[in-house]
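Here's the letter readout for the chains.
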Amino acid sequence: MRILVLSDIHANLEALEACLEAAPEHDRVFNLGDIVGYGANPNEVTERSRALGSVFVRGNHDKASTGLIPVDDFNPVAALAVIWTRENLTPENLDFLRDMPQGPIIPVDNLQCVHGSPRDEDEYVLTAREAWSILAQASVPVTFFGHTHIQGAYWIDDRNEREGVVDPDYTSARGKQRFTLSLNETGKYLVNPGSIGQPRDGDPRAAFVVYDTKAKEVTFHRVPYNIEHAQRKILSAGLPDRLATRLSEGR
Ligand code: ZN
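Participant: How should I be thinking about the nonpolar core in this particular structure?
Facilitator: Core analysis: the largest hydrophobic core is formed by 43 residues, its most contacted members being Leu4, Ile35, Ile196, Phe208 and Tyr225. Counting residues per element, the ones that place at least two in this core are strand E1 (2–6), helix H1 (13–22), helix H4 (76–88), helix H5 (91–98), strand E11 (206–212), helix H7 (227–236) and helix H8 (241–249). When residues in this core are grouped by element, the largest group, seven residues, is from H1. For Leu4, the contacting residues outside a window of four places in its chain are Leu20, Ala23, His26, Arg28, Val29, Phe30, Phe208, Val209 and Val210.

Put into structure tokens, the structure is as follows:
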């Protein structure tokens, strides 16, 4: 089975459409949350995600935009985007986002999906040390996570003796790129597909992964999209300027 894993789309329709067009053939779609927040197309992106996906976990922006958590925990720019999103979502999309389940979700054997981490849906896994401590306790060999908007993977062996970090090694910073990681039978992996709608790893291209469960391969992808178009829509929606400018920096 080939699984398309999407995360942190953040209401960026241009980036989502570019990724779907570039994605190789797949059997299922798993969505790791933060469907909305920051971008100018929360309804279109929610509807497209609903039509695609069978597996969802909720993100902190999905929770805040639907009133499940207060906006107090967000920085001022993110909070403005949360409030704008809440005011612009249709009742049907608000209901869908509010009902998305909390991770971890185990949709198929030996694989779990979370937004932040398996121990806390809002945790940012940003260091190898944090990742390895989570992996040492992981009950399944493969965990997909999002939330940090940074594409890559961490692994440990089954004896918790050897560990490593995988930073996709693309041949070019331009155009569509892919990088395949072969999973070791005895390893445990934390895999972040990166963010579709607001990458923060210095590469402005939209990010996703495809996991081939039979070949035991995770392929990381980067896809250019019409950033200027997404930026113009953010500005004309009256959302904070920073949400537009950061898209071209990938930060
Ligand atoms: Zn996010």
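Participant: Even after reading the chapter, I still don't get the environment of Glu87, so can you show me in this structure?
Facilitator: On the secondary structure map, Glu87 appears in helix H4. Along the backbone, Glu87 and Val223 are 136 residues apart, and their C-alpha atoms lie at a distance of 30 Å.

Participant: Any chance you could explain the coordination of the zinc ion here in plain terms?
Facilitator: Angles at a metal have ideal values that depend on geometry: 109.5 degrees with four tetrahedral donors, 90 or 180 degrees with six octahedral donors. Listed as protein donors to the zinc ion are Asp8 (OD), His10 (NE2), Asp34 (OD) and His149 (NE2); their distances from the metal cover 2.1 to 2.2 Å. One way to put it: the four donor atoms around the zinc ion meet at angles of 86 to 177 degrees, and that makes the site irregular. We note that the donor set of the zinc ion lies within a single chain, spaced as D-x1-H-x23-D-x114-H. With respect to class, Asp8 is no different from His10; both count as buried.

Participant: What is the right way to look at H1 in this model?
Facilitator: Since the α-helix turns once every 3.6 residues, residues separated by three or four places project in the same direction. Most of H1 is tucked away: eight of the ten residues are buried. Listed in full, the buried residues belonging to H1 are Leu13, Glu14, Ala15, Leu16, Ala18, Cys19, Leu20 and Ala22. Looking at the buried side of H1, the elements it contacts are E1, helix H2 (42–52), E11, strand E12 (217–223) and H7. By the N-cap criterion, in which a side-chain oxygen at the helix start approaches the backbone nitrogen of a residue two or three places on, H1 is capped by Asn12, the distance to Glu14 being 3.4 Å.

Participant: What exactly am I supposed to notice about the side chain of Lys63 here?
Facilitator: Here Lys63 lies in helix H3 (residues 60–65). What makes Lys63 buried here is its relative accessible area of 4%. Residues in contact with Lys63, not counting those within four places in the same chain, are Arg58, Leu68, Ile69, Glu121 and Asp122.

Participant: I'm lost on empty space enclosed by the protein in this one. Help?
Facilitator: Empty pockets left among the atoms are what a rolling probe the size of a water molecule brings to light. Tallied over the full model, the rule gives one cavity of 30 Å³ or more. One number sums up the size of the largest cavity: a volume of about 80 Å³. For the largest cavity, the lining is made up of 16 residues, of which Ala11, Asn12, Gly39, Ala40 and Ile234 are closest to its centre. Where the lining of the largest cavity is concerned, the elements lending two or more residues are H1, H7 and H8. Here the lining of the largest cavity takes three residues from H7, the largest share from any one element. Classifying every residue of the lining of the largest cavity gives eight nonpolar, six polar and two charged.

Participant: I keep staring at the packing of H1 against H2 and nothing clicks. Help me out?
Facilitator: Each pair of packed helices can be summarised by the angle the axes make with each other and by the distance between the axes. Relative orientation of the contacting elements H1 and H2 amounts to 25 degrees, with a least axis distance of 9 Å. As far as their axial angle goes, H2 and H1 are roughly parallel. Considering how the two elements wind past one another, H1 and H2 form a crossing that is left-handed. In this structure, H1 contributes Leu13, Leu16, Glu17 and Leu20 to the contact, and H2 contributes Glu44, Val45, Arg48, Ser49 and Leu52. Grouping the amino acids of the contact of H1 with H2 by side-chain chemistry returns five nonpolar, one polar and three charged.

Participant: It is not clear to me how the pairing of strand E2 (residues 28–31) should be interpreted in this structure. Could you clarify?
Facilitator: Along a regular strand, successive side chains alternate from one face of the sheet to the other. Note: E1 against E2, four bridges, orientation parallel. Its bridge partner being in E2, Ile3 is matched across the sheet by Arg28. Considered for its hand, the β-α-β crossover made up of E1, H1 and E2 is right-handed. Bridge analysis of E2 against strand E3 (residues 55–56) gives two bridges, and the strand direction is parallel. Bridged to Phe30 within E3 is Val55.

Participant: Would you take a moment to explain the packing of H2 against H5 for this structure?
Facilitator: Remark: H2 packs on H5, axes separated minimally by 10 Å, with the N-to-C direction vectors making an angle of 55 degrees. The angle between H2 and H5 falls in the class oblique. Between H2 and H5 lies a crossing whose hand is left-handed. Packed against H2, whose contacting residues are Asn43, Thr46, Glu47 and Arg50, the element H5 presents Glu92, Asn93, Phe96 and Leu97 at the interface. Grouping the amino acids of the contact of H2 with H5 by side-chain chemistry returns two nonpolar, three polar and three charged.

Conventions used here
Note on numbering: residues in each chain are counted from 1, in written sequence order. Restriction of local features to residues with pLDDT of at least 70 applies here, the model being predicted, together with a cutoff of 80 or more for giving and counting side-chain atom pairs; totals for whole chains, interfaces and linings are based on all residues. Think of the side-chain values as coming from all heavy atoms in the structure, minus any hydrogens and water. Grouping buried Ala, Val, Leu, Ile, Met, Phe, Trp, Tyr and Cys residues that are joined through side-chain atoms within 4.5 Å yields what is termed a nonpolar core. Relative accessibility thresholds used throughout: buried, under 20% of the residue-type maximum; exposed, over 50%; partly exposed, between the two (1.4 Å probe, protein chains only). For helices the rule is a DSSP run of H or I covering at least 4 residues; for strands it is a run of E covering at least 2, with both sets numbered from the N terminus onward. Note on contacts: a residue pair qualifies if any of its non-hydrogen atoms lie within 4.5 Å across the two residues. Coordination partners: N, O, S within 2.8 Å of the metal, 3.2 Å for Na, K and Ca; water not considered, so apparent gaps in a site are possible. In short, tetrahedral needs four donors with all angles between 85 and 135 degrees, square planar needs four and octahedral six donors with opposite donors over 155 degrees apart and all other angles between 65 and 115, and whatever is left is irregular. A 3.5 Å cut-off defines polar contacts: any pair of N or O atoms within that distance qualifies, except that in protein one atom must be a possible hydrogen donor and the other a possible acceptor, and neighbouring residues in sequence count only when both atoms are side-chain atoms. Within this scheme a cavity is a closed region of a 1 Å grid, computed over the protein atoms alone, that accommodates a 1.4 Å probe without allowing it to escape, whereas a pocket is open but has protein on both sides within 12 Å along at least five of seven lines; lining residues each have an atom within 4 Å of a point. Grid points are joined across faces, edges and corners, and a volume is the space filled by probe spheres set on the points. Here the term charged refers only to Asp, Glu, Lys and Arg, the term nonpolar to Ala, Val, Leu, Ile, Met, Phe, Trp, Tyr, Cys and Pro, and the term polar to all other amino acids, Gly among them. Between the N-to-C directions of two axes lies an angle of 0 to 180 degrees, each axis being a line fitted to C-alpha atoms and, for a helix, fitted only over the stretch in contact. Our angle categories are set so that under 35 degrees counts as roughly parallel, over 145 as roughly antiparallel, 65 to 115 as roughly perpendicular, and the remainder as oblique. Here a crossing is called left-handed whenever its near helix is offset anticlockwise from the far helix by less than a right angle, and right-handed whenever the offset is clockwise. A pair of strands is treated as paired once DSSP finds two or more bridges between them. Look down the strands so they point away from you; if the path from the first strand over the helix to the second goes clockwise, the crossover is right-handed.

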